[in-house]
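Close look at the chain arrangement
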Amino acid sequence: MKTQTKSKKVNKAWLNDHVTDPYVKQAQAEGYRSRAAYKLKEIDEALKLIRPGQVVVDLGAAPGAWSQYLRRRFAPKEAGQGGAAVGQLNGAIIALDLLDLEPIEGVQFIQGDFQEEAVLHELEAALQGRPVDVVVSDMAPNLSGIAATDAARISALIELAVDFASQHLKPEGALVAKVFHGSGYSQLVDLFKAHFRVVKPIKPKASRDRSAETFLVGVGLKPR
């Protein structure tokens, strides 16, 4: 019973935080599907990664807030209803997720598990040989609560994202990936440093203080 009571308290606290969260309110007002849009927005504004005309791959895209933000950056003067710009898209966005994604105008969506080779091949085919300017990854595994297991699952996804980026990014391209502080974090930083000339850890203000999530940004591929 103690565990159940604690769980109820946690759920009630989360719900209260969610309802009063200024980023949740802002997302609702601006038509974004989730508050996560402001995490990418902060990272982009700090590092100036996203520009019209680019090719961007959005991994772990559902429910679509990051793709919405990218869409607006590619048509900033035409932002309309529903969190996505309307009209001509100056750039290319390819989104991928295991879950379904409600369509976003101009965003090409692939549903599947990034860890499966067939899905990776489908993503590569969608690129049509085009080099990628930026890869953004909000992927996260289902967490078990067992630290060693969760660290291994997180690391596996990040390793796949880094491998994909190293093969498809332009030399000056960038990878933005969600990671978690804790077991395995320092190894992921080392992995980024092995592949990118510049590596920056960023904890956006839109990321809740008590959350262990942070983001690693790698810019400029090192020669292979």
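Computed from a predicted structure; not experimentally measured. (Residues numbered from 1 in each chain as written. Predicted model: local features only at pLDDT ≥ 70, side-chain atom pairs only at ≥ 80, totals over all residues. Heavy atoms only, no water.)

1. A closer look at the overall build of the protein
Counting its secondary structure elements, the protein contains seven helices and seven strands. Pairs at least 24 residues apart make up 63% of the contacts formed inside the protein by residues separated by at least 6 positions. Summed over its atoms, the accessible surface of the protein is roughly 11800 Å², and 54% of this surface lies on carbon and sulfur atoms. (Helix = DSSP H or I, 4+ residues; strand = E, 2+ residues; numbered from the N terminus. Contact = heavy atoms within 4.5 Å. Areas by Shrake-Rupley, 256 points an atom, 1.4 Å probe, with all protein chains shown as cover.)

2. Comments concerning the sheet that holds strand β6 (residues 196-202)
Spatially, β3-β2-β1-β4-β5-β7-β6 is the arrangement adopted by the seven strands of the open sheet, whose pairing is mixed. Single-partner strands in this sheet number two, and they are β3 (107-111) and β6. Taken pair by pair, the neighbouring strands of this sheet meet at an average axis angle of 15°, ignoring direction. In terms of strand pairing, strand β2 (residues 92-97) meets β3 through five bridges, oriented parallel. Bridging from a neighbouring strand, A95 pairs with F109 of β3. Docked against the sheet, helix α3 (residues 37-47) engages β4 (132-137), β5 (169-180), β6 and β7 (213-221), running at close to 40° with respect to β7. The strands that helix α6 (residues 147-168) touches are β1 (55-59), β4, β5, β6 and β7; relative to β5, the one it contacts most, it runs at about 170°. (Pairing = 2+ DSSP bridges. Axes fitted to C-alpha atoms, helices over the stretch in contact; angles between N-to-C directions.)

3. As for the nonpolar core
Judged by nonpolar contacts, the single largest core of 35 residues is most densely connected at L59, L123, V135 and F192. No other element matches α6, which puts seven residues into this core. Those residues in contact with V135, other than ones at most four positions away along the chain, are V57, L59, F164, A165, L169, A174, L175 and V176. Residues Y38, V107, V136 and V217 belong to the second largest nonpolar core, which totals 31 residues. (Core = buried A, V, L, I, M, F, W, Y, C linked by side-chain atoms within 4.5 Å. Buried < 20%, exposed > 50% of the residue type's maximum accessible area, 1.4 Å probe, protein only.)

4. Topic: the packing of aromatic side chains
Applying the stated criterion across every chain, the model contains four aromatic pairs. Ring centres of Y32 and Y38 lie 5.5 Å apart, and the angle between their planes is 85°; this geometry places the pair in the edge-to-face category. Given a relative accessible area of 9%, Y32 falls into the buried group. Against the face of Y32 rests R72, its NZ or CZ located 4.1 Å from the ring centre. (Phe/Tyr/Trp six-rings, centres within 6.5 Å; stacked < 30°, edge-to-face > 60°. Lys NZ or Arg CZ within 6 Å of the ring centre and 35° of its normal.)

5. Focus on helix α7 (residues 185-195)
Every buried residue of α7 is listed here: Y185, L188, V189 and F192. Taken down its axis, α7 places every buried residue within 105° of arc, on the same side. α7 presents Q187 and A194 as exposed residues on the side facing more than 90 degrees away from its buried surface. Along its buried surface, α7 packs onto α6, β5, β6 and β7. (Arc of directions from axis to C-beta.)

6. What about α6?
With 22 residues, α6 extends 32 Å from end C-alpha to end C-alpha; this agrees with the ideal 32 Å at 1.5 Å per step. For α6, the set of buried residues is D150, A151, I154, S155, L157, I158, A161, V162, F164, A165, S166 and H168. (Expected span 1.5 Å × (residues − 1).)

7. Considerations on unusual backbone geometry
Note the cis peptide between A62 and P63, where omega equals 5°. The topology assignment puts P63 in the loop between β1 and α4 (65-74). Notably, K48 is not glycine yet its phi reads approximately 55°, a positive angle. The topology assignment puts K48 in the loop between α3 and β1. Positioned with a positive phi, Q128 is a non-glycine residue whose angle comes to about 55°. Position of Q128 relative to the elements: it lies in the loop between α5 (117-127) and β4. Note on Q128: relative accessible area 66%, which makes it exposed.

8. Side note on the pairing of β4
Of all six residues that make up β4, six are buried, and the element is covered over most of its length. Bridging between β1 and β4 involves four bridges; their strand directions are parallel. Along β4, the bridge assignment pairs V56 with V134. With five bridges joining them, β4 and β5 adopt parallel strand pairing. Looking at β5, one finds that V132 is bridged to L169.

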